[in-house]
Amino acid sequence: MNLSLTVALIALLLPLIAFGVIMVATRSRHQLSAGIAIGAAGGSLLAAIFLLAWHWHMDQSLVFQTVWMASGRMAVPIGILLDPLSLLMFTVVATISFLVQIYSLGYMAGDPGFGRYYGCLSLFAWAMLSLTLSSSLVQLYIFWELVGLASYLLIGFWFEKFSASEAGKKAFVMTRTGDVAFLLGLVLLWLQLGTLDIPVLTDPAAVGARLSPGMITLGGLLIFGGIIGKSAQFPLLTWLPDAMEGPTPVSALLHSATMVAAGVYLFARLFGFFSLSPTTMGVCLAIGTISMLMASTMAMVARDIKQVWAFSTISQLGFMLMGLGGGSLFAGVFHLTTHAGFKALLFLCAGVLIHHFGTNDMFSIGRRGGRRLKTVMVCLIVGAGALSGLPPLSGFFSKELILGSLLDTGHPIAFLAGLIGAFLTTYYSFRLIFIILFPRKDEAEPAADHPAANAGEFGERAMLGVLGVLASVTVVLGFVEAPLHRFLFQTLATHAPEAGFHEWLPMLAGGLALIAICQAWFEFGRKKAPQIGWVERFPALADLFAQRWYLDRFYRLFLDRFIYGTVSRLFTANDRKVIDGALDTLGLSTIGLGRIMQRLHAAMIQYRLMAMFAAVVGLVIFIGWGG
């Protein structure tokens, strides 16, 4: 067996084996379950690093396939696709999964569901790792759905809380809405092409020769519907902030490099297919821009520290889709890579603060002394700086690349929207930083949302160690832009050239970031700052942003008026009047006929004898007459 295939299979099977062993045999033995899960995640990470290093100079993709199912002339293959994009994403997912599991040793210490938690993490890691190496869209869709299942189990992990169970259901239903479109797109392409192999779909010559432009656009838009749901883009974006009901390490895992990033990865994976349809690319650019701006406004008024970073995730995913929809594969993929590091850092910093102070409210964290946790605050500032695109942190390089690509590809409106989004991102990021660093002491302190936890010395070291690793990655990752570009385009040379360098762009973006920081400091950081943002001075606008642009209210109204009030009522009326009416009529007719037969068989012997005699006489007369 090929060495690369063997290592890839080992990397994929280890988390699956860990999940099975934990859920069947060791779930009640917490430390053993954690050891099995972390060992499996570590093995997958080592295998991913080996594959990345072994194929760093690869000049062609490697595909290992076998037939999974066959019926007539239709065959469904299953296999592994190794190319620069899949290897990069595979390594990112394995790294974040391993670090989150190490961090969870402290955060989840003492939780009664500790073993079950590590089992679900292993299931999630297996599904996401398998998704990245899938060689066909059928296989990718299967693991796409398994990622959704695992996320449902993790978001609703504390299912005893009503809000957590509701959040899990909301995430499951809203992402399924997009997945229906995705499935329809797969069926359409399969019927038209006869195959869903990713190498075929990303070959412009093969697709262009067999599909019309309209069919390519329709298939691309349907698949993009699945991306909208999974990556929480407009209009299916409100499930992601509610998903914060799960444990904070889960939030870090979902938001950085796994579930929500799967949608962006799918777009990058099929970039050669999507780029054949200017309409699909334009829709992607528009949806990404709208999502980026809307989520940024929501983050400006949020008080929950995890929800601020959740809104920023929606915004940054939109930013990635802007880069991809604008025509730059590398810009979107590079921001996906850098975002994985600093977003995991931000969520895990938030986790330490929540773990220590027992609340998600950043105002309360500040008043209780959040700034005394110096290591956490340094890492939090590093992550916020990367999110804001401050040099020399990784986010600076990837954001400038996207903005530059939008200029080079002739999208000035999207470029201006990107600048506005970058300004708002810096503002709400440092709003959070200044609220924690410079708290007001003249407000009443609310009760904690939950008791502060004690992770123990080992657990605290595990959490802080992971923060240190991610902070280091955030600092240095931006400097590997050139090597990553060469690596990705060794086998993707047919794609358009990447963005050029604009000397004035860093100065413009840096100036806007500085203005945003100064504004945030003036409103929240200075000594006598009122800690009221400019948005909050306009109650109607603040309420619009706090209510998520009333999207949830629209969905509630849509469900109550259209689904329940119209569609459901029509089906109910049909069920009661047509289906039940027909069955009731049949039943009543049967009963009536039975009563008639009952009367005929009632004990009236003389009438029955008379009827028999009359029948016999009539028969004799008929026969005699005929004779």
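Heads up: the structure comes first, above all this text.
Residues numbered from 1 in each chain as written. Predicted model: local features only at pLDDT ≥ 70, side-chain atom pairs only at ≥ 80, totals over all residues. Heavy atoms only, no water.

S.K.: Please clarify how the overall build of the protein chain should be interpreted in this entry.
M.R.: When helices and strands are counted, the protein chain shows 26 helices and two strands. A buried classification covers 55% of the 627 residues belonging to the protein chain. Partitioning the intrachain contacts of the protein chain with sequence separation of at least 6 by distance along the chain shows that 79% fall at a separation of at least 24. Surface summary for the protein chain: the accessible area is close to 26,800 Å², and the carbon and sulfur share equals 70%. Charge centroids of the protein chain, computed over 39 positive and 32 negative side chains, lie 7 Å from each other. (Helix = DSSP H or I, 4+ residues; strand = E, 2+ residues; numbered from the N terminus. Buried < 20%, exposed > 50% of the residue type's maximum accessible area, 1.4 Å probe, protein only. Contact = heavy atoms within 4.5 Å. Areas by Shrake-Rupley, 256 points an atom, 1.4 Å probe, with all protein chains shown as cover. Lys, Arg positive; Asp, Glu negative; His and termini not counted. Charge placed at Lys NZ, Arg CZ, Asp CG, Glu CD.)

S.K.: Just to check I follow, could you spell out the pairing of strand β1 (residues 62-71) for this structure?
M.R.: Looking at chain direction, β1 and strand β2 (residues 74-82) are connected through nine bridges and run antiparallel. The partner of S71 across the bridge, within β2, is M74. (Pairing = 2+ DSSP bridges.)

S.K.: Sorry if this is basic, but what is going on with the pattern of salt bridges here?
M.R.: Close approach of charged atoms lets side chains of opposite charge pair. Scanning the entire structure with this criterion turns up 11 salt bridges. Between K170 and D552 there is a salt bridge; the shortest N-O distance is 3.0 Å. Placement of the pair is K170 in helix α6 (residues 162-193) and D552 in helix α25 (residues 551-600), with a sequence separation of 382 residues. Residue K170 is classed as partly exposed on the basis of its relative accessible area, which comes to 21%. In this structure, R303 and D361 form a salt bridge, with 3.2 Å as the shortest nitrogen-oxygen distance. Linking R303 in the loop between α14 (278-299) and α15 (305-325) with D361 in the loop between α16 (329-357) and α17 (362-367), this pair joins segments that are 58 residues apart in sequence. By relative accessible area, R303 is classed as partly exposed at 39%. (Salt bridge = Lys/Arg side-chain N within 4 Å of Asp/Glu carboxyl O.)

S.K.: Whenever I open this one, empty space enclosed by the protein confuses me. Can you help?
M.R.: It is the rolling of a water-molecule-sized probe over the atoms that shows where space remains empty. For the structure shown, the criterion picks out three cavities of 30 Å³ or more. Each pocket or cavity is described by its volume, and for the largest cavity that value is around 120 Å³. S388, G389, E400, A422 and A509 are, among the 16 residues lining the largest cavity, the residues nearest its centre. For the lining of the largest cavity, the secondary structure elements donating two or more residues are α19 (394-408), α20 (412-437) and α23 (504-525). A per-element tally of the lining of the largest cavity places α23 first, with five residues. In this model, the second largest cavity occupies a volume close to 50 Å³. The wall of the second largest cavity is formed by L85, L88, M89, V92, S256, A257, V333, L336, T337 and A340. Elements with a minimum of two residues in the lining of the second largest cavity: α3 (84-107) and α16. Residue composition of the lining of the second largest cavity, by class: eight nonpolar, two polar and no charged. (1 Å grid on protein atoms, 1.4 Å probe; cavity = no way out; pocket = protein on both sides within 12 Å on 5 of 7 lines; lining within 4 Å. Points joined across faces, edges and corners; volume = space filled by probe spheres on them. Nonpolar A, V, L, I, M, F, W, Y, C, P; charged D, E, K, R; others polar.)

S.K.: Mind showing me how you'd approach the environment of G341 here?
M.R.: Tracing the sequence through the fold places G341 in helix α16. Sequence spacing of G341 and A471 is 130 residues, and the spatial spacing of their C-alpha atoms is 7.9 Å. Residue contacts for G341: discarding those within four places in its chain leaves L470 and T474.

S.K.: Is there a simple way to explain a positive patch on the surface in this structure?
M.R.: Side chains of R371, R372, K374 and K441 sit close together on the surface and give a patch of like positive charge. Summarising the element assignment, K441 is placed in the loop between α20 and α21 (456-476). Exposure remark for K441: the relative accessible area of 59% places this residue in the exposed category. (Patch = residues over 30% accessible without salt bridge, like charges linked within 9 Å, V, L, I, M, F, W, Y side chains within 5 Å.)

S.K.: Help me understand the nonpolar core, please; the structure alone is not making it clear to me.
M.R.: General note: in soluble globular proteins, nonpolar side chains tend to be found buried as a group. In terms of nonpolar packing, the biggest core is built from 199 residues, with Y118, L137, W239, F267, I305, W309 and L380 touching the most fellow members. Residue contributions to this core peak at 19 residues, all from α16. Sequence-distant contacts of L380, that is, excluding residues within four places in its chain, are made with W309, L346, C349, L353, L432, I433 and I436. (Core = buried A, V, L, I, M, F, W, Y, C linked by side-chain atoms within 4.5 Å.)

S.K.: I tried to follow the packing of helix α2 (residues 30-54) against α3 on my own but got confused; where do I start?
M.R.: Geometrically, a packed helix pair is captured by the angle between its two axes and the distance between the axes. Between α2 and α3, the least distance of the axes is 9 Å, while the angle of their chain directions is 155°. In terms of orientation, α2 and α3 fall into the roughly antiparallel class. Remark: the crossing between α2 and α3 carries left-handed chirality. Facing A34, A37, I38, A41, G42, S44, L45, A48, L51 and L52 of α2, the residues of α3 in contact are L87, L88, F90, T91, A94, T95, F98, Q101, I102 and L105. In terms of residue class, the contact of α2 with α3 is made up of 15 nonpolar, five polar and no charged. (Axes fitted to C-alpha atoms, helices over the stretch in contact; angles between N-to-C directions. Parallel < 35°, antiparallel > 145°, perpendicular 65-115°, else oblique. Left-handed = near helix turned anticlockwise from the far one by under 90°.)

S.K.: Got a minute to help me understand a nonpolar patch on the surface in this structure?
M.R.: On the surface, a nonpolar cluster with roughly 390 Å² of combined accessible area is contributed by L149, Y152, L153, F172 and V173. Of all the secondary structure elements, the ones that give two or more residues to the nonpolar patch are α5 (137-155) and α6. Take the nonpolar patch: its biggest share by element is three residues, from α5. For F172, the position within the fold is in helix α6. The partly exposed category is assigned to F172, whose relative accessible area is 32%.

S.K.: Even after reading the chapter, I still don't get α15, so can you show me in this structure?
M.R.: For the α-helix, the turn length of 3.6 residues means that residues three or four positions removed from each other point alike. Taking 1.5 Å per residue, 21 residues should reach 30 Å; α15 reaches 30 Å between its end C-alpha atoms and fits that length. Within α15, 20 of the 21 residues are buried, which leaves it mostly tucked inside the rest of the structure. With a side-chain oxygen lying 2.9 Å from the backbone nitrogen of K306, the N-terminal cap of α15 falls on D304. The first or second residue beyond α15 is G327, which carries a positive phi of 110°. (Expected span 1.5 Å × (residues − 1). Polar contact = N/O pair within 3.5 Å; in protein donor to acceptor, adjacent residues only side chain to side chain.)

S.K.: I would appreciate a short explanation of the packing of aromatic side chains in the present structure.
M.R.: Two numbers describe a pair of aromatic rings. These are the distance of the centres and the angle of the planes. Evaluated as defined, the whole model comprises 24 aromatic pairs. Here a set of aromatic residues connected by ring pairs shows up, and it is made of F114, Y117, Y118, F157 and W158. Looking at R176, its charged tip hangs above the ring of F172, at a distance of 4.5 Å from the centre. Sitting over the ring of F319, K399 keeps its end group 5.7 Å from the ring centre. (Phe/Tyr/Trp six-rings, centres within 6.5 Å; stacked < 30°, edge-to-face > 60°. Lys NZ or Arg CZ within 6 Å of the ring centre and 35° of its normal.)

S.K.: Looking at this structure, I do not really get unusual backbone geometry. What am I missing?
M.R.: As a rule of thumb, non-glycine residues mostly have phi less than zero, and peptide bonds are mostly trans rather than cis. A cis amide bond links F234 to the next residue, P235, at an omega of 5°. Relative to the assigned elements, P235 resides in the loop between α9 (213-230) and α10 (239-242). In this structure, A232 is a non-glycine residue whose phi angle is positive, near 55°. Among the structural elements, A232 can be located in the loop between α9 and α10. The backbone of Q531 sits at a positive phi, close to 55°, despite the residue not being glycine. As for its position among the elements, Q531 is in the loop between α23 and α24 (539-546). On the basis of relative accessibility, which here comes to 7%, the residue Q531 falls in the buried class.

S.K.: What is the right way to look at the layout of surface pockets in this model?
M.R.: The volume enclosed by the largest pocket comes to roughly 1,100 Å³. Lining the largest pocket are 41 residues, and of these S163, E166, A167, D242 and E245 lie nearest its centre. Mapped by element, the contributors of at least two residues to the lining of the largest pocket are α6, α10, α15, α16 and α25. Split into classes, the residues belonging to the lining of the largest pocket amount to 19 nonpolar, 10 polar and 12 charged.

Note that all results are geometric; they support no functional claim without further evidence.
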